[in-house]
Amino acid sequence: MTGKTLSLYISKRFITSILALFLFAAVLIFLFDVLELVRRGGDREGFSLLRIVAISALRVPLLLEQVIPFAVLFGSIWAFMSLSRSLELVVARAAGISVWQFTAPALLTGLFIGVFSVIGYNPGAVLLQQKSDEIAEGLFSVEQTYILENSGEVWLRQNGADGESVLHARYITDQGASLNGVTILSYDIAGDFSERIEASKAVLADGFWRLTDAVVYAVDTDPQHYGSYTVSTFLTPTEVKESIGSPESISFWSLPRFIELSQRAGLPAYRYSLQYQTLLAKPLLFVAMVVIAAAVSLRVSRFGGIGHLIVWGIISGFVLYAVSEISKDLGGAGIVPTTVAAWAPGVFGVLMGFTILLNQEDG
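Residues numbered from 1 in each chain as written. Predicted model: local features only at pLDDT ≥ 70, side-chain atom pairs only at ≥ 80, totals over all residues. Heavy atoms only, no water.

Q: Please set out the nonpolar core residue by residue, giving values where relevant.
A: Of all hydrophobic cores here, the largest spans 42 residues; its most connected members are Phe14, Leu64, Val72, Phe80 and Leu357. Broken down by secondary-structure element, the contributors of at least two residues to this core are α1 (2-41), α2 (49-64), α3 (68-85), α5 (99-136), α10 (282-303) and α12 (338-362). The element contributing the most residues to this core is α10, with 13 residues. Every residue in contact with phenylalanine 80, bar those within four places of it in the chain, is listed here: Phe14, Leu89, Thr103, Ala106, Val290, Ala293, Ala294 and Ser297. Membership of the second largest hydrophobic core comes to 19 residues, among which are Leu179, Ala214, Tyr229 and Leu235. (Core = buried A, V, L, I, M, F, W, Y, C linked by side-chain atoms within 4.5 Å. Buried < 20%, exposed > 50% of the residue type's maximum accessible area, 1.4 Å probe, protein only. Helix = DSSP H or I, 4+ residues; strand = E, 2+ residues; numbered from the N terminus. Contact = heavy atoms within 4.5 Å.)

Q: Summarise unusual backbone geometry; cite the residues concerned and give the values.
A: Residues other than glycine seldom take positive phi values, yet aspartate 213 does so here, at roughly 55°. Within the element layout of this structure, aspartate 213 appears in strand β5 (residues 208-218).

Q: Mind laying out the confidence of the model for the protein chain, listing which residues take part and the relevant values?
A: Averaged over the protein chain, the pLDDT score is 82; the fraction of residues at 70 or greater is 85%. This model gives residues 141-151 a pLDDT under 50, and the stretch forms 33 contacts once residues within four places in sequence are excluded. (pLDDT = per-residue confidence, 0-100.)

Q: Can you explain α3? Please cite residues and give values.
A: Counted at 1.5 Å a residue, the expected span for α3 with its 18 residues is 26 Å, and the 25 Å between its end C-alpha atoms agrees. Among the 18 residues of α3, 13 are classified as buried, and the element is accordingly described as predominantly covered. One or two residues past the end of α3 sits leucine 87, with phi positive at roughly 65°. (Expected span 1.5 Å × (residues − 1).)

Q: Mind laying out the environment of serine 249, listing which residues take part and the relevant values?
A: For serine 249, the position within the fold is in the loop between α7 (237-244) and α8 (255-264). Among the residues examined, serine 249 registers a relative accessible area of 19% and is labelled buried. In the structure, serine 249 is positioned 123 residues away from valine 126 in sequence and 5.7 Å away in space, judged by C-alpha atoms. Look past the residues within four positions of serine 249 in its chain and what remains in contact with it is Leu62 and Val126.

Q: Residue-level account of the environment of leucine 204, with values.
A: Relative to the assigned elements, leucine 204 resides in strand β4 (residues 193-204). The class of leucine 204 is buried, set by a relative accessible area of 10%. Spatially, the C-alpha atom of leucine 204 lies 8.6 Å from that of leucine 179, the residues being 25 residues apart in sequence.

Q: Lay out the pattern of salt bridges in plain terms, naming residues and giving numbers.
A: Throughout the structure, instances matching the rule amount to five salt bridges. Of the charged contacts in the structure, one is a salt bridge between arginine 13 and glutamate 88, with a shortest N-O distance of 3.2 Å. With a gap of 75 residues between them, arginine 13 in helix α1 and glutamate 88 in helix α4 (residues 88-94) connect regions that are remote in the sequence. Given the relative accessible area of 23%, arginine 13 is considered partly exposed. Residue glutamate 65 pairs with lysine 282 through a salt bridge whose shortest N-O separation is 3.4 Å. Of this pair, glutamate 65 sits in the loop between α2 and α3 while lysine 282 sits in helix α10; the two residues are 217 residues apart in sequence, bridging distant segments of the chain. By the burial criterion, glutamate 65 is buried, and lysine 282 matches it. (Salt bridge = Lys/Arg side-chain N within 4 Å of Asp/Glu carboxyl O.)

Q: A description of the packing of aromatic side chains should follow, citing residues and the corresponding values.
A: A ring pair, where both rings are aromatic, is described by two values, the distance of the centres and the angle of the planes. Tallied over the full model, the rule gives seven aromatic pairs. Ring centres 5.4 Å apart and planes at 15° place the aromatic pair phenylalanine 252 and tyrosine 276 in the stacked group. Of this pair, phenylalanine 252 sits in the loop between α7 and α8 while tyrosine 276 sits in helix α9 (residues 270-280); the two residues are 24 residues apart in sequence, bridging distant segments of the chain. In this structure phenylalanine 252 comes out as buried when scored by relative accessible area, which is 7%. Geometry around tyrosine 217 places arginine 196 over its ring, the cationic atom sitting 4.4 Å from the centre. (Phe/Tyr/Trp six-rings, centres within 6.5 Å; stacked < 30°, edge-to-face > 60°. Lys NZ or Arg CZ within 6 Å of the ring centre and 35° of its normal.)

Q: I'd like to hear about the packing of α3 against α5, residue by residue, with values.
A: Contact geometry for α3 and α5: axes closest at 12 Å, N-to-C directions at 160°. Classified by the angle their axes make, α3 and α5 are roughly antiparallel. Two packed elements cross with a definite hand, and for α3 against α5 that hand is right-handed. Contact residues: Ile68, Val72 and Phe80 in α3; Thr103, Ala106, Ile113, Ser117 and Tyr121 in α5. Here the contact of α3 with α5 is composed, by residue class, of six nonpolar, two polar and no charged. (Axes fitted to C-alpha atoms, helices over the stretch in contact; angles between N-to-C directions. Parallel < 35°, antiparallel > 145°, perpendicular 65-115°, else oblique. Left-handed = near helix turned anticlockwise from the far one by under 90°. Nonpolar A, V, L, I, M, F, W, Y, C, P; charged D, E, K, R; others polar.)

Put into structure tokens, the structure is as follows:
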């Protein structure tokens, strides 16, 4: 009973510390985001402070997803330091509780937060981001893509009643159902090139793309201008949105289907596979953060020196961040398997943390 009570107490302290740092980061990001949106949209028609606040509040959770690992790291350091300074860990050790026993509740807390962030927080944040885009529609016009969705140029290979075509767009809106700055290379049923089409906008309808202000460059004919032009496609609106959507804007539960659709569209699925594996590896990454925090904090509790705590905490965080970013770049480019790229930072962090703990506790 005593062990259960102590475990619950330690877990509560860790959850409180991590949540406090997470909310602090949320407030800072929200304030800066509101100021940036006010700066960019303050002179536009339909602008209101309430609308900007709603847009930012709904999209901040997805932005915060990148902050959660650092909140776990520094929150764990804070919790361990608080327990050490109040001599609670000293009393626990005097009662015969080893470092591994009073670290276990913290590790389980990190694991629980990691699982929840994947199966609950991520889908919720993606849904709120979509609501934010709906509220922002029309306010930022073309710039909305860069300000809110952060999506770059897209390529899409498709098939239709008239043959295959390759579509390129400078930017997307409405989660992919509407494209701007469009270029389409069309091929006939036999697979021979037939025409190149440039249009200012393309909107997906039932079985075709409706192009606005299109210029058609056909073989052996002069360019022709059309106010409205259509290109056939077998893709549905859902498939288009899922195929060319940003991996970070896709819910964890939907990623397997997105990977399949991306492959069917003839696009590399590295980014989507990497995002899926990265989410699966998050619980391990959070456990690694707690292990590193324990190694750093217990060293301080013995020898003193809060300066060393801060320095080692920052170094550990940046090392893991650098490893994570390098792994993502390699996995996203298809240089290394996505599974290896996604799980390597967590494995590296756990091994590094346990190595330091074993050296400190067992020599």
